[in-house]
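Survey of secondary and tertiary structure
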Amino acid sequence: FLKDGNYSKAMTLLEADAEKKGASLNQHERYHRLIWAMGSRERLIKHAAPYFKALLLAGRDMQVAAIFREYLQRYPDFRLEDPEVRLDLAQAFERVGDFKLAVHVLNGLHKDNPHFAALPTAYMMAARILADQLGMPQKGLALVQFLHGRFRNHRSFPEVQKMLDELTAKVQGGHPA
């Protein structure tokens, strides 16, 4: 259909393939290339989470980081809704050493998904990256203080308390965390 210039039909078929349960990475990539070339913001945003999941499952951390940056370049306000995908992406970005992107993808998670069960895990990760990798222990401490005040009854509270103590000492000039 693409060779014939029937982009609408091609988009419909590729979209159906990509939305199938168990769609292959190749199906996601073909659909992504078409909707990227067509500049279909709505479709790109809708397809982002499943496409990023497929890339992560294939172990393509560097590629997903590059594509995520392309999304941000084209759509500066781009933000995924799925909190699990955001956490998975942050972990992948940390693995490839893209620490700013890891923190960026988690930014505002508590507002977008206030009941996300892994929110403390996500924000402790962001705090650790801010403090240890980006040289911003004060910002990391602020995140942990937020968690400390909000998640007193959460199962991760002992970890939050430990991190709070470590970052407080680091910010106050004590021993590094």
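Here we summarise the structure given alongside this text. Everything numeric here is computed off the predicted structure, so don't read it as measured data. (Residues numbered from 1 in each chain as written. Predicted model: local features only at pLDDT ≥ 70, side-chain atom pairs only at ≥ 80, totals over all residues. Heavy atoms only, no water.)

1. Here we look at the overall build of the protein
The condition is simple: What counts as a helix is a DSSP run of H or I of at least four residues, what counts as a strand is a run of E of at least two, and both are numbered from the N terminus. A simple rule labels every residue: compare its accessible area, found with a 1.4 Å probe on the protein chains alone, to the largest value its type can have, and call it buried under 20%, exposed over 50%, or partly exposed in between. Contacts are assigned to residue pairs that have any heavy atoms within 4.5 Å of one another.
Helix and strand content of the protein: ten helices and zero strands. C-alpha atoms of the protein, sized along the principal axes, occupy 70 × 30 × 25 Å. Split into buried and exposed, the 177 residues of the protein put 44% on the buried side. Looking at the protein alone, contacts between residues at least 24 apart form 54% of all its contacts between residues at least 6 apart.

2. What about the packing of aromatic side chains?
This is how it is decided: Between 30 and 60 degrees the pair is tilted, below 30 it is stacked and above 60 it is edge-to-face, where a pair is any two Phe, Tyr or Trp rings, Trp via its six-membered ring, whose centres lie within 6.5 Å.
Applying the stated criterion to the full structure yields eight aromatic pairs. Between W36 and Y71, the ring centres sit 5.5 Å apart and the planes meet at 50°, which makes this aromatic pair tilted. Of this pair, W36 sits in helix α2 (residues 25–38) while Y71 is found in helix α4 (residues 61–74), placing the two residues 35 residues apart along the sequence. Across the pair, exposure class does not vary: W36 and Y71 are buried alike. Ring centres 6.1 Å apart and planes at 55° place the aromatic pair Y123 and F146 in the tilted group. Of this pair, Y123 sits in helix α8 (residues 119–133) while F146 sits in helix α9 (residues 137–150), and the two are 23 residues apart along the sequence. F146 gets classed as partly exposed once you look at its relative accessible area, which sits at 26%.

3. Regarding the side chain of H148
Relative to the helices and strands, H148 is located in helix α9. Residue H148 is classed as buried on the basis of its relative accessible area of 13%. Apart from residues lying up to four places away in sequence, H148 is in contact with F157, V160, Q161 and L164.

4. Examining the nonpolar core
The line we're drawing: Nonpolar core, defined: a set of buried Ala, Val, Leu, Ile, Met, Phe, Trp, Tyr and Cys residues in which side-chain atoms within 4.5 Å join the residues together.
By size, the foremost hydrophobic cluster in this structure holds 59 residues, and its most contacted members are F52, F68, F78, L80, L89 and F93. Element by element, the count of residues in this core is highest for α8, at ten residues. Apart from residues no more than four positions distant in its own chain, L80 is found in contact with A48, A49, F52, F68, V85, R86 and L89.

5. A look at the environment of K53
The residue K53 is located in helix α3 (residues 41–57) in this model. The exposure class assigned to K53 is partly exposed, which follows from its relative accessible area of 41%. Along the backbone, K53 and R69 are 16 residues apart, and their C-alpha atoms lie at a distance of 16 Å. Once you skip the residues sitting within four places of it in the chain, K53 turns out to touch D82 and V85.

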